[in-house]
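# Results of the structural survey
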Amino acid sequence: MRSKNEGGDETIVSSTNTLKSMVKISGRPDYVLFGVVVILVVLGILILASVSASLSQEKFGTTYYFLNHQLLFGLIPGLILAFLAFRIRLDFLKKWAPILLLINLILLVMVFLPKIGAGAGGAIRWLSIGPISFQPAEFLKLTFILYLAAWLTSRTKKEKTFSQTFIAFLIVMGLISLLLIFQPDISTLVLIVLVAVLMYFLAATPLWHSILIILIGAGGLFSLIKLAPYRTARLLVFFQPGTDPMGIGYQIKQALIAIGSGGIFGLGLGMAGQRLGFLPQSISDSIFAIMAEETGFIGSLILISLFLIFLWRGFKIGKKGGDKFSQLAAIGISSWIVIQAFINVGSMTGLLPLTGIPLPFISYGGSALVTELIGVGILLNISKNTT
């Protein structure tokens, strides 16, 4: 015979065990990474407010249009989604990663549809649905990282065969490449390939796989450059900076003038001369040059240091990840954001060919900021679940 109390105790214990299986007890997130991102976001708001004021006044009759748009359609939804990404269970995220990528690929196809697909500067990269306009390729950076982390985790648990890993990887990369080439958005494609190869290599796949992927990618990039005259011209300007200073070389010339004008300590916020229409894409791709003019070498060094700290903390989170999915996802997200930052800085300083990649957390663009903040939310989620 059992007493009523004993039965009640068993019910309580059973309920407690069920609750424990549903809710994973988590530790504390990486506050250093969190602090770095807060500084980058605040810095981005300050720089954007300074750089965009004159352009906003000229186009919309108010100095705060671009800033308000970034806050309403970038920062606020980004923070909300980042919090959700921070709270979601990682196993749930892993399970739904293929669905998220599939949805993203459908959105990439939809940019080519009339009426809802929008273009600018000869590229069709945006979806415009009612009052909302966004760039699916920005979200692809994150959804593909999550998918690749989940896929590599499942594949490397099984027997590693040529068809299961290498060929399957090339098929997925080929599909994504085609969609981005047709937009065209080669800069995003190069970034995604670099991060994908790094993740593939770190997933304990054979070294010769990674080498062969790099060779195939390099051959494909060379072909894309040869097929488009403007890409060939950009490469020519990179090797010969003085070529066509009033044409294809104009942007890099003005960017270097802006960076040089900043000196050691900069001219001060709002004092950059290049923001007054001399430098193309001053609030997006070229914003680092304006920032360097206003904050000088010291400000630029601080910004680069922040991204290096971000990479350090991201890789540390990945190293301590509780499972292979968490490890690969953390390394993929941190590599994506930092590689993108250094490609942007490199192109503005003449160390790399000119690209159309924005500076993470700093450049104007709601889709980019939302995606980056979601990525940070996932990184912090992984950090609180590290072993």
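Note: the structure precedes this text.
Now for a quick tour of the structure. (Residues numbered from 1 in each chain as written. Predicted model: local features only at pLDDT ≥ 70, side-chain atom pairs only at ≥ 80, totals over all residues. Heavy atoms only, no water.)

### Let's talk about helix α10 (residues 250-262)
- The end-to-end C-alpha separation of α10 is 19 Å, in line with the 18 Å expected for 13 residues at 1.5 Å each.
- Those residues of α10 lying buried are Q251, I252, Q254, A255, A258 and G262. Down the axis of α10, the smallest arc covering the buried residues is 165°, so these residues share one side.
- For α10, the secondary structure elements touched by its buried residues are α9 (229-239), α11 (287-319) and α12 (324-348). (Helix = DSSP H or I, 4+ residues; strand = E, 2+ residues; numbered from the N terminus. Expected span 1.5 Å × (residues − 1). Buried < 20%, exposed > 50% of the residue type's maximum accessible area, 1.4 Å probe, protein only. Arc of directions from axis to C-beta. Contact = heavy atoms within 4.5 Å.)

### Description of the pattern of salt bridges
- A full pass over the atoms with the stated rule returns four salt bridges.
- For R89, the salt bridge is made with D91, and the minimal N-O distance between the two is 3.2 Å.
- D91 gets classed as partly exposed once you look at its relative accessible area, which sits at 44%.
- Among the ionic pairs, D185 bridges to R125, the shortest N-O distance being 4.0 Å. Within this pair, whereas D185 is found in the loop between α6 (162-182) and α7 (186-202), its partner R125 is found in strand β2 (residues 123-129), the two being separated by 60 residues in sequence. (Salt bridge = Lys/Arg side-chain N within 4 Å of Asp/Glu carboxyl O.)

### Here's the deal with the sheet that holds strand β3 (residues 132-134)
- Pairing is antiparallel in the open sheet, where three strands are placed in the order β1-β2-β3. In the strand order of this sheet, the two ends are held by β1 (117-120) and β3, each with one partner. Within this sheet the neighbouring strands show an average axis-to-axis angle of 35°, counted without direction.
- As defined by bridge partners, β2 adjoins β3 across three bridges and the pair is classed as antiparallel. Paired with I129 across the bridge in β3 is I132. (Pairing = 2+ DSSP bridges. Axes fitted to C-alpha atoms, helices over the stretch in contact; angles between N-to-C directions.)

### Details of the packing of aromatic side chains
- By the definition in use, this model includes ten aromatic pairs.
- The interplanar angle of 80° and the centroid separation of 5.2 Å between the aromatic rings of F66 and Y364 together place this pair among those described as edge-to-face. Of the two residues, F66 is situated in helix α3 (residues 65-87) and Y364 in the loop between α12 and α13 (366-384); the sequence distance between them amounts to 298 residues.
- Look at F169 and Y200: their rings are 4.7 Å apart centre to centre, the planes differ by 50°, and that puts the pair in the tilted class. You can see F169 sitting in helix α6 and its partner Y200 sitting in helix α7, a full 31 residues away along the chain. Residue F169 shares its accessibility class with Y200, and that shared class is buried.
- Among the aromatic side chains, those forming a connected cluster through ring pairs are F60, Y65, F66 and Y364.
- The ring of W312 has R313 sitting right over it, with the charged end atom 4.6 Å from the ring centre. (Phe/Tyr/Trp six-rings, centres within 6.5 Å; stacked < 30°, edge-to-face > 60°. Lys NZ or Arg CZ within 6 Å of the ring centre and 35° of its normal.)

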